[in-house]
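Coordinate inspection notes
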Amino acid sequence: MIHVIAMSIGASMFGVTIKTISFGLGRKLMRLGKVQLSMVPLGSFVKLADSSDQPLEQVEVGFGQQSLGARLIIPLLGPITTITLAYFILGSPAGNAFVSTFYQAFNGAVSPLSEAQLYLKQAQLAVDQEPLLIVCGLVLVKVSALNLIPFPGTTGFQLILTVITSDQTESHWQERLANWLLWPLLLFLGSWLVALVFYFIQ
């Protein structure tokens, strides 16, 4: 929610038309103006007006019409805000937790029955022993880092698209890159699923 709200504020600052702010994924449960609540509470998104999606109405300002800097800043505002909040909660250890997430994510995926088991045990100990506020700070920083890994649907993926395409209407690049990265994403998620199942069985 923090991530999506920050992106929405950034889009509004640059004058980009916001189509939908969704808290949750999947089937829509209710909608109030541009804000909707969806069935699955495992993620959120903000949909901006963009000519690559459908023709813009006369009063709309599209994301693809913005400068390169604006198209980089708007998606980055989400993780920047959550990392900043995590820093206020955790202090300087937030930086180490952020950097270590990338190594842990891929090292655990490569070794789901060994290294991943150690990371899951550390996570369980943190939940059991640390105050709730500290756990929230750790979740914020870990999710922020994971969202910067360039898999389809993440901020990292959006940033790559922004850099390699001079015009957001060039959707063929988006589709091609998403297809290339889909298999690594499935392998990554599948490996961590195996790790979780093995951890809970033990």
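Remember, it's a predicted structure, so these values are computed and weren't measured experimentally.

Quick look at the nonpolar core
With twelve residues, the main nonpolar core is built from Ala 105, Ala 109, Ala 116, Tyr 119, Leu 120, Ile 149, Phe 151, Leu 185, Phe 188, Trp 192, Ala 195 and Tyr 199. Taken together, the elements giving at least two residues each to this core come down to helix 3 (93-110), helix 4 (115-129) and helix 7 (171-201). Here the element with the most residues in this core is helix 7; it accounts for five residues. Beyond its immediate stretch of four places on either side in the chain, Phe 151 contacts Phe 106, Phe 157, Leu 181, Pro 184, Leu 185 and Phe 188. With eleven residues, the next largest nonpolar core counts Met 7, Leu 48, Phe 63 and Ile 74 among its residues.

A word on the packing of helix 2 (residues 68-90) against helix 5 (residues 132-146)
Their axes nearest at 8 Å, the elements helix 2 and helix 5 cross at an angle of 150°. The angle between helix 2 and helix 5 places the two elements in the roughly antiparallel class. Along this stretch, helix 2 crosses helix 5, giving a crossing that reads as left-handed. Mapping the contact onto sequence places Pro 79, Thr 82, Ile 83, Leu 85, Ala 86, Ile 89 and Leu 90 in helix 2 and Leu 133, Ile 134, Gly 137, Leu 138, Leu 140, Val 141 and Ser 144 in helix 5. Split by residue class, the contact of helix 2 with helix 5 holds eleven nonpolar, three polar and no charged.

A closer look at the packing of aromatic side chains
Scanning all chains against the criterion turns up five aromatic pairs. In this structure an aromatic cluster arises from ring pairing among Phe 106, Phe 151 and Phe 188.

Concerning the side chain of Thr 155
Inspection of the secondary structure puts Thr 155 in helix 6 (residues 155-164). Overall, Thr 155 belongs to the buried group, its relative accessible area being 6%. Setting aside chain neighbours within four positions, we find Thr 155 in contact with His 3, Pro 75, Leu 76, Pro 79, Asn 147 and Leu 148.

A closer look at the packing of helix 2 against helix 3
Axis separation between helix 2 and helix 3 bottoms out at 8 Å; the angle between their running directions is 130°. When the interaxial angle is binned, helix 2 and helix 3 end up oblique. Contacts from Ile 83, Ala 86, Tyr 87 and Leu 90 of helix 2 reach helix 3 at Pro 93, Ala 94 and Phe 98. Class assignment for the residues of the contact of helix 2 with helix 3 results in seven nonpolar, no polar and no charged.

A word on the side chain of Asn 107
Along the chain, the position of Asn 107 falls in helix 3. Note on Asn 107: relative accessible area 16%, which makes it buried. Setting aside chain neighbours within four positions, we find Asn 107 in contact with Glu 115 and Tyr 119.

As for the confidence of the model for the protein
Here the protein averages 84 in pLDDT, and 91% of its residues register 70 or above. Taken element by element, the predicted model of the protein shows its lowest mean pLDDT in strand 2 (residues 35-48) (78) and its highest in helix 4 (95).

Topic: a nonpolar patch on the surface
Taken together, Leu 25, Leu 29, Met 30, Leu 37, Met 39, Val 40, Leu 42 and Phe 45 make up a surface patch of nonpolar side chains, about 740 Å² in accessible area. If you list the elements that add at least two residues to the nonpolar patch, you get strand 1 (18-32) and strand 2. A per-element tally of the nonpolar patch places strand 2 first, with five residues. Residue placement: Val 40 occurs in strand 2.

Digging into the environment of Ala 116
Within the secondary structure, Ala 116 sits in helix 4. In the structure, Ala 116 is positioned twelve residues away from Asp 128 in sequence and 18 Å away in space, judged by C-alpha atoms. Excluding its chain neighbours within four sequence positions, the residues that come into contact with Ala 116 are Gly 108, Ser 111, Trp 192 and Ala 195.

Criteria and cut-off values
Residues numbered from 1 in each chain as written. Predicted model: local features only at pLDDT ≥ 70, side-chain atom pairs only at ≥ 80, totals over all residues. Heavy atoms only, no water. Core = buried A, V, L, I, M, F, W, Y, C linked by side-chain atoms within 4.5 Å. Buried < 20%, exposed > 50% of the residue type's maximum accessible area, 1.4 Å probe, protein only. Helix = DSSP H or I, 4+ residues; strand = E, 2+ residues; numbered from the N terminus. Contact = heavy atoms within 4.5 Å. Axes fitted to C-alpha atoms, helices over the stretch in contact; angles between N-to-C directions. Parallel < 35°, antiparallel > 145°, perpendicular 65-115°, else oblique. Left-handed = near helix turned anticlockwise from the far one by under 90°. Nonpolar A, V, L, I, M, F, W, Y, C, P; charged D, E, K, R; others polar. Phe/Tyr/Trp six-rings, centres within 6.5 Å; stacked < 30°, edge-to-face > 60°. pLDDT = per-residue confidence, 0-100. Patch = residues over 30% accessible without salt bridge, like charges linked within 9 Å, V, L, I, M, F, W, Y side chains within 5 Å. Areas by Shrake-Rupley, 256 points an atom, 1.4 Å probe, with all protein chains shown as cover. Salt bridge = Lys/Arg side-chain N within 4 Å of Asp/Glu carboxyl O.

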